[in-house]
Amino acid sequence: MASRRFLRLTWWVGMLLVVGLCLSAGAQQAGKKSDAELTREGALVLMAAHGEKPRYGGKFLSVGNEEVPFYDMHQTSLGGIYAAVAPAYNCLIRTSPYDSKGQEVIPELAHSWEIRDGGKTITFHLRKGVKWHDGAPFSSADVKYTIERIMNPPEGMVSPRGPVFKALIERVEAPDPDTVVVYGRGPSKLLLTIFASGHNVIIPKHIVEKDPVNALKTKVIGTGPFRLKEPPTTSLWKYERNPEYFQKDLPFLDEIEIHIMTDPQALVAAVLSKRIYWSDAFPHANMDRDLAKSIAQQNPNVIATSNPGMIIAHITLQGEKPPFDDLRVRQAISKAIRREAIAELGNQSGAVGTGVYPLGLWTMPKAVQEQLIGYDPDMAKRITHAKELLASYE
């Protein structure tokens, strides 16, 4: 396993490629530059301000534990697809890798932005001179097309985040090649931060509009710090440094290799034999917390760490078909599900929430959560009520 120093470097490089869901930036301490201001001066300036001294060069060997059936992040919520294609793309904005709470927003394709109308309107000012990996110029037309495709997907396209975009956004305008204006349906702190979500990457209009549903299922053409070195296979993705990346002091690495291993024993063997350096795996059928700890116990040079994350586990019912078209049946099912088992046997997080996660900045008060159907702490009472609902249906 790589040295502690190398692990620190690769950890930060990984963080510089990942964009997570965040809240709008908080106020900075007086006299101290924000991470957004430092980012505009360059990645090296940002890292130096936080005591980091990265070095350039080298190949990073990573592993993914999910199959990658297609490459379009806008049509999926799968972490495996995200991990494989994220190095090639950028978002408008992102969260600072130095903010563990994910509250501070920093520039990416947009170098600055203005929020007006009490949070209802955002004007993004885009970087100039950005190019797609095929050499075509990036512009506001790409951003407008991206947002509208997520909001109003063409027939045959799945857009998991489309309903959120439609609920928040009224329309998007591109008054000139370097400016995008997003008009919200009302003031919302989420209006800015949805653009910092890693799945909401900006895509190339000139590529996708030819085949809006399928174009990105087999192509990976972004503006990101890495570009594909060769066509990916079912087991290996190879990236090389993008020499024309708009952030001239990034990336630090020359190459990235992402090995796809769905077999748990193969994954363990790869880590222990040093064929891979790092696995960023959320609790999964073939790489759960216990297996990760076991690997670390077998080799003292392997470090296992855990990080907080927001995982969505849900059951979807076909509400248009009997008996699920009846509200009483759906409520009975909700009451009968022992959600505590999800934490105990499923994601191992130790927490179960609602549409609003019960931890951290998105907290729903426990007293409020327990008023929702299926969240009453008295399981016996829930089962009794579920039986009554089914009896009334029958």
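Data block above holds the structure.
Calculation rules
- Numbering of residues begins from 1 in every chain and follows the order in which that chain's sequence is written.
- Residues qualify for local features only when their pLDDT is at least 70, as the model is predicted, and side-chain atom pairs are given and counted only at 80 or more; totals for whole chains, interfaces and linings, by contrast, use all residues.
- Calculated side-chain values reflect all of the structure's heavy atoms, with hydrogen atoms and water omitted.
- Fitting a line to C-alpha atoms yields each axis, with helices limited to the stretch in contact; the angle taken between N-to-C directions then spans 0 to 180 degrees.
- Counting from the N terminus, the helices are DSSP H or I runs at least four residues long and the strands are E runs at least two residues long.
- Note that the term roughly parallel is reserved for angles under 35 degrees, roughly antiparallel for angles over 145, roughly perpendicular for angles of 65 to 115, and oblique for everything else.
- Working rule for handedness: look at the near helix, and if it is turned counterclockwise from the far one by less than a right angle, call the crossing left-handed; if clockwise, right-handed.
- By definition, residues are in contact when any of their heavy atoms lie within 4.5 Å.
- Any Lys or Arg side-chain nitrogen located within 4 Å of an Asp or Glu carboxyl oxygen qualifies as a salt bridge.
- Burial classes: relative accessible area under 20% of the type maximum marks a residue as buried, over 50% as exposed, and values in between as partly exposed (1.4 Å probe, protein chains only).
- Residues counted as positive are Lys and Arg, residues counted as negative are Asp and Glu, and His and the chain ends are not counted.
- Here a polar contact means two N or O atoms within 3.5 Å. Within protein one must be a hydrogen donor candidate and the other an acceptor candidate, and residues neighboring in sequence count only if both atoms are side-chain atoms.
- Think of it this way: a Phe, Tyr or Trp ring, Trp meaning its six-membered ring, pairs with another when their centres are within 6.5 Å, and the plane angle makes it stacked under 30 degrees, edge-to-face over 60, tilted otherwise.
- When DSSP finds two or more bridges between a pair of strands, those strands are recorded as paired.

Engineer: Before we go on, may I ask you to explain the packing of helix α11 (residues 327–336) against helix α14 (residues 379–393) in this structure?
Structural biologist: In helix packing, the relevant descriptors are the interaxial angle and the interaxial distance, both defined with respect to the helix axes. The contact between α11 and α14 brings their axes to 8 Å, and the two run at 160°. One element, α11, and the other, α14, form an angle in the roughly antiparallel class. When the axes of α11 and α14 are compared, the crossing they make is left-handed. Residues Arg328, Val329, Gln331, Ala332, Lys335 and Ala336 of α11 pack against Met379, Arg382, Ile383, His385, Ala386, Leu389, Leu390, Ser392 and Tyr393 of α14.

Engineer: Can you walk me through the pattern of salt bridges in this structure?
Structural biologist: When their charged atoms lie close together, side chains carrying opposite charge are able to pair. Considering all chains together, one arrives at 12 salt bridges under this definition. With its nearest N and O atoms 4.0 Å apart, the salt bridge here joins lysine 128 to aspartate 178. In this pair, lysine 128 is assigned in the loop between β5 (121–126) and α5 (140–151) and aspartate 178 in the loop between β6 (169–176) and β7 (179–184), connecting sequence segments 50 residues apart. Judged by relative accessible area, lysine 128 falls into the exposed class, the value being 67%. With a relative accessible area of 26%, aspartate 178 lands in the partly exposed category.

Engineer: Hey, could you run me through unusual backbone geometry in this one?
Structural biologist: Negative phi is the rule for most residues except glycine; trans is the rule for most peptide bonds. With omega at -5°, the peptide bond leading from leucine 250 into proline 251 counts as cis. Here proline 251 lies in the loop between β9 (236–241) and β10 (255–260). The backbone of lysine 274 shows a phi angle near 65°, a positive value even though the residue is not glycine. Of note, lysine 274 is situated in the loop between α9 (264–272) and β11 (278–279).

Engineer: When you look at the side chain of glutamate 108 in this model, what are you seeing that I'm missing?
Structural biologist: If you trace the backbone, glutamate 108 turns up in the loop between β3 (105–107) and β4 (110–116). One buried charged side chain, glutamate 108, makes no salt bridge at all; its nearest oppositely charged neighbour is arginine 94, positioned 4.5 Å away. Separated by 3.4 Å, the side chains of glutamate 108 and asparagine 90 make a polar contact.

Engineer: What exactly am I supposed to notice about the packing of aromatic side chains here?
Structural biologist: The relation between two aromatic rings is expressed through the spacing of the ring centres and the mutual angle of the planes. A complete count under the given rule lists nine aromatic pairs for this structure. For the ring pair phenylalanine 124 and phenylalanine 195, a centre distance of 5.4 Å and an interplane angle of 80° mean the geometry is edge-to-face. Residue phenylalanine 124 is found in strand β5, and its partner phenylalanine 195 is found in the loop between α7 (190–193) and α8 (205–208); the two are separated by 71 residues along the sequence. Taking relative accessible area as the criterion, phenylalanine 124 reaches 0% and is therefore assigned buried. The rings of Phe60, Tyr277 and Trp278 are connected pair by pair, giving a single aromatic cluster.

Engineer: Would you mind going over the sheet that holds strand β8 (residues 226–228) with me for this structure?
Structural biologist: Backbone hydrogen bonds hold the strands of a sheet together, and the pairing may be parallel or antiparallel. Taken together, five strands build an open sheet; the order of strands is β8-β9-β10-β1-β11 and the sheet is mixed. Either end of the sheet is taken by a strand with one partner, and the two such strands are β8 and β11.

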